[in-house]
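Structural description and commentary
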Amino acid sequence: MSAGARITLLPGDGIGPEVTAAAQRALESLSRVSGLGLELDVAEIGAAALRSHGTALPPATLAACESSDAIFLGAVGSPSAPTATEGLTPEQALLTLRRHFELFANLRPVPRFEALTSLAPLKAERLDGVDLLFVRELNGGLYYGRRAEQSADGDAFDTLSYSDREIHRIAKVAFELAGGRRQRVTSVDKANVLASMRQWRRAVTAVGSAYPAVQLEHCYVDRLAMDLLHRPADLDVVLTGNLFGDILSDEAAAIAGSLGLLPSASLGASTFGLYEPVHGSAPDIAGAGLANPIGALLSVALLARHSLGLEELAVRLESAVDEVLAEGLRTPDIAEEDSVILSSTELAAEVTGRFEEAWWQSRVPLMVV
Ligand code: IPM
Ligand code: MN
């Protein structure tokens, strides 16, 4: 990546601005240690943009995103925002962005922190060896199918359809990633009931035949919802359509210990990507300094890895998170009896402080005595 990469920050709604402040701090650290001179700009989205611009996705926001190398988004969604029958909702602004940039591949790794083992509702032995990556299709399925809020007969409907092209390209991402991991893909469908899901299964199988080293299993979504709790360590890459991935990745957050910990990367054909924590806007705790910044910080690590090509720094940022949690520094959602409770800002500062310090120390030339 050449110097001067540009990142657009979209704080959005609820706790979005708080976690975006944490992400910004991490991006500034990255900029300092990499010498890349990252240029950060901020634009409005969601209910916040609706209030000031009358639209959840102002043209200026789209233009800022178009001229950047990556986007960081905090969260969208507000209980007081208009509904779909009244105009573009905050959620639709995000869906428009995902589709506008053809960000069809949503990577949702489920981070496992040794220090947080007792927070997961599963027995410790079930958590041994868990290393899960969701690959969620993000540009199709029920989210974008033909729909009516009120059809001719008065009922609302949504439709589920997937083209072979859409399935092939997301399946390819899953198989490629599995190749560098434990060589397993679990494809999730509902082929026993839905025609579109039978097509999903056929198309995934076809792509899989080009990856003989990767073991492919098909699993019905209801069964997978249970398997996630029974045998999470057996799963490696979990490949899903848009809606199933949305649901199952929240379920998997319980394995990590809190929804506040999960990052995501939405990618297309190039290195451009949109990075957002999985947690959403959590309006009930907005503005109180309670938001867990770790999903956002780990999303910055994904940004460094996939959009800036800074693998080593991504790993270092992830390690800094690990270290801080191991020392018992926590936000309230992941607090235990002997934890030190910090605000979002304080916890983010601990992580970025350690990240930078470790980096500069690694650069000190060895002294010969
Ligand atoms: C997510 C969110 C979004 C989704 C909403 C905010 C549109 O829940 O990223 O998981 O459903 O994809
Ligand atoms: Mn979701």
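Report on the accompanying structure. Computed from a predicted structure; not experimentally measured.

Brief notes about the pairing of strand β10 (residues 237–240)
Both faces of β10 are covered, namely the face carrying Val237 and Leu239 and the face carrying Val238 and Thr240. Bridging between strand β5 (residues 132–137) and β10 involves four bridges; their strand directions are parallel. Bridge pairing in β10 links Arg136 to Thr240. As defined by bridge partners, strand β8 (residues 184–189) adjoins β10 across three bridges and the pair is classed as parallel. Following the sheet pairing, Ser187 is matched in β10 by Leu239.

Here we look at a negative patch on the surface
Taken together, the side chains of Glu114, Glu125, Asp128, Asp322, Glu323 and Glu357 define an acidic patch exposed on the protein surface. With respect to the helices and strands, the residue Glu357 is situated in helix α12 (residues 344–363).

Thoughts on the site of ligand 1
If you check the shell around ligand 1, you find Glu91, Arg98, Arg108, Arg136, Tyr143 and Asp246 and nothing else. Contact between ligand 1 and Arg98: an oxygen atom at 2.8 Å from a side-chain N or O atom of the residue. The contact in question runs from an oxygen atom of ligand 1 to an N or O atom on the side chain of Arg108, over 2.8 Å. Of the pockets mapped on this structure, ligand 1 occupies the second largest pocket. Of the residues contributing to the shell around ligand 1, the split by class is one nonpolar, no polar and five charged.

Observations concerning the packing of helix α6 (residues 164–179) against helix α7 (residues 195–208)
Two elements in contact, α6 and α7, have axes whose closest approach is 9 Å; the angle formed by their N-to-C orientations is 50°. In this view, α6 runs oblique relative to α7, as classed from their interaxial angle. Pair α6 / α7 crosses with right-handed handedness. Contact residues: Asp164, Ile167, His168, Ile170, Ala171, Lys172 and Phe175 in α6; Gln199, Trp200, Ala203, Val204, Val207 and Gly208 in α7. Here the residues of the contact of α6 with α7 are counted per class, giving eight nonpolar, three polar and two charged.

Notes on the layout of surface pockets
Empty pockets left among the atoms are what a rolling probe the size of a water molecule brings to light. Its volume calculated, the largest pocket comes out at about 530 Å³. As for the largest pocket, its lining consists of 20 residues, and the residues nearest its centre are Pro109, Asp131, Arg181, Arg305 and Glu318. Ranked by residues supplied to the lining of the largest pocket, first place goes to helix α10 (residues 294–306) with four residues. Looking at the lining of the largest pocket residue by residue, the classes come out as 12 nonpolar, two polar and six charged. One number sums up the size of the second largest pocket: a volume of about 360 Å³. What lines the second largest pocket is a set of 19 residues, among which Leu94, Arg98, Asp246, Val278 and Gly280 lie closest to the centre. For the lining of the second largest pocket, the elements supplying multiple residues, two or more each, are β3 (70–75), α4 (90–100) and α9 (242–256). In terms of residues, the lining of the second largest pocket owes the most to one element, α4, which gives four residues.

Here we look at the pattern of salt bridges
In total, this model carries 22 salt bridges according to the counting rule given. A salt bridge links Arg330 to Glu336, with the shortest nitrogen-to-oxygen separation between them at 2.8 Å. Taking the relative accessible area as the measure of exposure, Arg330 reaches 3% and is therefore buried. A single network of salt bridges, built from pairs that share partners, joins Arg184, Glu217, Arg223, Asp227, Arg231 and Asp234.

Let's talk about the nonpolar core
Ranked by internal contacts, the top residues of the largest apolar core, which has 92 residues, are Leu30, Leu228 and Leu239. Here this core gets nine residues from one element, more than from any other, and that element is α10. Sequence-distant contacts of Leu30, that is, excluding residues within four places in its chain, are made with Gly35, Leu38, Val300, Ala304, Leu310, Leu313 and Phe355. With 18 residues, the next largest nonpolar core counts Ile45, Cys65, Phe101 and Leu274 among its residues.

Describing the packing of aromatic side chains
One pass over the structure, following the stated rule, counts three aromatic pairs. With 4.7 Å between their ring centres and 40° between their planes, Phe101 and Phe272 make a pair best called tilted. One end of the pair, Phe101, is in the loop between α4 and β4 (105–110); the other, Phe272, is in the loop between β11 (265–267) and β12 (273–275), with 171 residues separating them in the sequence. Judged by its relative accessible area of 18%, Phe101 falls in the buried class. With a centroid separation of 5.3 Å and an interplanar angle of 15°, the aromatic rings of Phe175 and Tyr211 are classed as stacked. Of the two residues, Phe175 sits in helix α6 while Tyr211 sits in the loop between α7 and β9 (215–220), which places them 36 residues apart along the sequence.

Scoring rules and cut-offs
- Residues numbered from 1 in each chain as written.
- Chains lettered and ligands numbered in written order.
- Predicted model: local features only at pLDDT ≥ 70, side-chain atom pairs only at ≥ 80, totals over all residues.
- Heavy atoms only, no water.
- Buried < 20%, exposed > 50% of the residue type's maximum accessible area, 1.4 Å probe, protein only.
- Helix = DSSP H or I, 4+ residues; strand = E, 2+ residues; numbered from the N terminus.
- Pairing = 2+ DSSP bridges.
- Patch = residues over 30% accessible without salt bridge, like charges linked within 9 Å, V, L, I, M, F, W, Y side chains within 5 Å.
- Areas by Shrake-Rupley, 256 points an atom, 1.4 Å probe, with all protein chains shown as cover.
- Salt bridge = Lys/Arg side-chain N within 4 Å of Asp/Glu carboxyl O.
- Lys, Arg positive; Asp, Glu negative; His and termini not counted.
- Charge placed at Lys NZ, Arg CZ, Asp CG, Glu CD.
- Near = heavy atom within 4 Å.
- Polar contact = N/O pair within 3.5 Å; in protein donor to acceptor, adjacent residues only side chain to side chain.
- 1 Å grid on protein atoms, 1.4 Å probe; cavity = no way out; pocket = protein on both sides within 12 Å on 5 of 7 lines; lining within 4 Å.
- Sits in = over half its atoms within 2 Å of the grid points.
- Nonpolar A, V, L, I, M, F, W, Y, C, P; charged D, E, K, R; others polar.
- Axes fitted to C-alpha atoms, helices over the stretch in contact; angles between N-to-C directions.
- Parallel < 35°, antiparallel > 145°, perpendicular 65-115°, else oblique.
- Left-handed = near helix turned anticlockwise from the far one by under 90°.
- Contact = heavy atoms within 4.5 Å.
- Points joined across faces, edges and corners; volume = space filled by probe spheres on them.
- Core = buried A, V, L, I, M, F, W, Y, C linked by side-chain atoms within 4.5 Å.
- Phe/Tyr/Trp six-rings, centres within 6.5 Å; stacked < 30°, edge-to-face > 60°.

Just geometry here; none of it tells us what the structure is for.
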